Amino acid sequence: MAVLFAVLIPVLMLGVVLALGRYEELVLPGAGPQPDALDPAAAGPTSSPGPAGTPASSP
């Protein structure tokens, strides 16, 4: 009987977590990230300085 609980409890808890995630999406539909936050290229070009120091010698 204990083996049955050891197998079923994690599966049931996974189902609970997934159901709560779906419920949260239904209750809070506008809480997702903005489209600009998902695509870094949409934010525009950024310039960064090159690496400091001298370049490594090639073999």
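Residues numbered from 1 in each chain as written. Predicted model: local features only at pLDDT ≥ 70, side-chain atom pairs only at ≥ 80, totals over all residues. Heavy atoms only, no water.

J.: Sorry, what's going on with the overall build of the protein here?
T.: Along the backbone of the protein there are two helices and zero strands. Buried residues in the protein amount to 0% of all 59 residues. Within the structure as shown, the protein displays about 5800 Å² of accessible surface, and the carbon and sulfur contribution to it stands at 70%. (Helix = DSSP H or I, 4+ residues; strand = E, 2+ residues; numbered from the N terminus. Buried < 20%, exposed > 50% of the residue type's maximum accessible area, 1.4 Å probe, protein only. Areas by Shrake-Rupley, 256 points an atom, 1.4 Å probe, with all protein chains shown as cover.)

J.: I tried to follow helix α1 (residues 2–27) on my own but got confused; where do I start?
T.: The α-helix winds at 3.6 residues per turn, so residues separated by three or four positions along the chain end up facing the same way. Over its 26 residues, α1 extends 37 Å from the first C-alpha to the last, a length consistent with the 38 Å expected when each residue adds 1.5 Å. The element α1 is barely covered by neighbouring structure, given that only zero of its 26 residues are classed as buried. (Expected span 1.5 Å × (residues − 1).)

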